[in-house]
Amino acid sequence: MNIPANLKYTKDHEWVSIEGDIATVGITDFAQKELGDIVYVEVETLDQSLEKDEVFGTVEAVKTVSDLFLPVAGEIIAFNDALESTPESVNSDPYGAGWMIKVKIANMEQVDGLLSSESYKELIGA
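Residues numbered from 1 in each chain as written. Predicted model: local features only at pLDDT ≥ 70, side-chain atom pairs only at ≥ 80, totals over all residues. Heavy atoms only, no water.

Going by the annotation in an unreviewed UniProt entry, the name recorded for the protein chain is Glycine cleavage system H protein, with Flavobacterium omnivorum given as the source organism. Of the protein chain, the UniProt comment under Subunit (unreviewed entry) reads exactly: "The glycine cleavage system is composed of four proteins: P, T, L and H." Recorded in UniProt for the protein chain, the comment headed Sequence similarities (unreviewed entry) runs: "Belongs to the GcvH family." (UniProt positions renumbered as here; feature names shortened; annotations may be inferred.)

Let's shift gears to the side chain of Gln110. Tracing the backbone through its elements, the reader meets Gln110 in the loop between strand E9 (101–105) and helix H4 (117–124). Among the residues examined, Gln110 registers a relative accessible area of 18% and is labelled buried. If we ignore the near neighbours within four places in the chain, the residues touching Gln110 are Lys52, Val72 and Ala73. (Helix = DSSP H or I, 4+ residues; strand = E, 2+ residues; numbered from the N terminus. Buried < 20%, exposed > 50% of the residue type's maximum accessible area, 1.4 Å probe, protein only. Contact = heavy atoms within 4.5 Å.)

Let's shift gears to the UniProt feature "domain: Lipoyl-binding" (unreviewed entry) in the protein chain. Taking the UniProt record as the reference, the feature "domain: Lipoyl-binding" (unreviewed entry) is found at residues 22–104. The span residues 22–104 shows a helical share of 18% and a strand share of 42%, and its end C-alpha atoms are spaced 5 Å apart.

Okay, structure coming up:
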């Protein structure tokens, strides 16, 4: 199971990379394996400001559809357009080409509430 130590994580199985006040968000290796083959990623919240834990989009796999929850409050400033034509990138490269959104963080203190890689490993029993 790939759980990079340099990222933060949520209990909803999203990963977060922080650079300044910008967070890049995607789903974890664990999440993509649980979902199976991903066929569609939908994010209709671009340019919107949302609160922490609000749904920012959905990911559709062959067998199920799952909501995506914002790990920190902020404005969604970018969507990975490549996922429209290659949603399978989430399966093959969840921490790279499979990133989903970029968020301008509204409250940096919320970053402290995210899980470390060690805490996330405990959560999923890895």
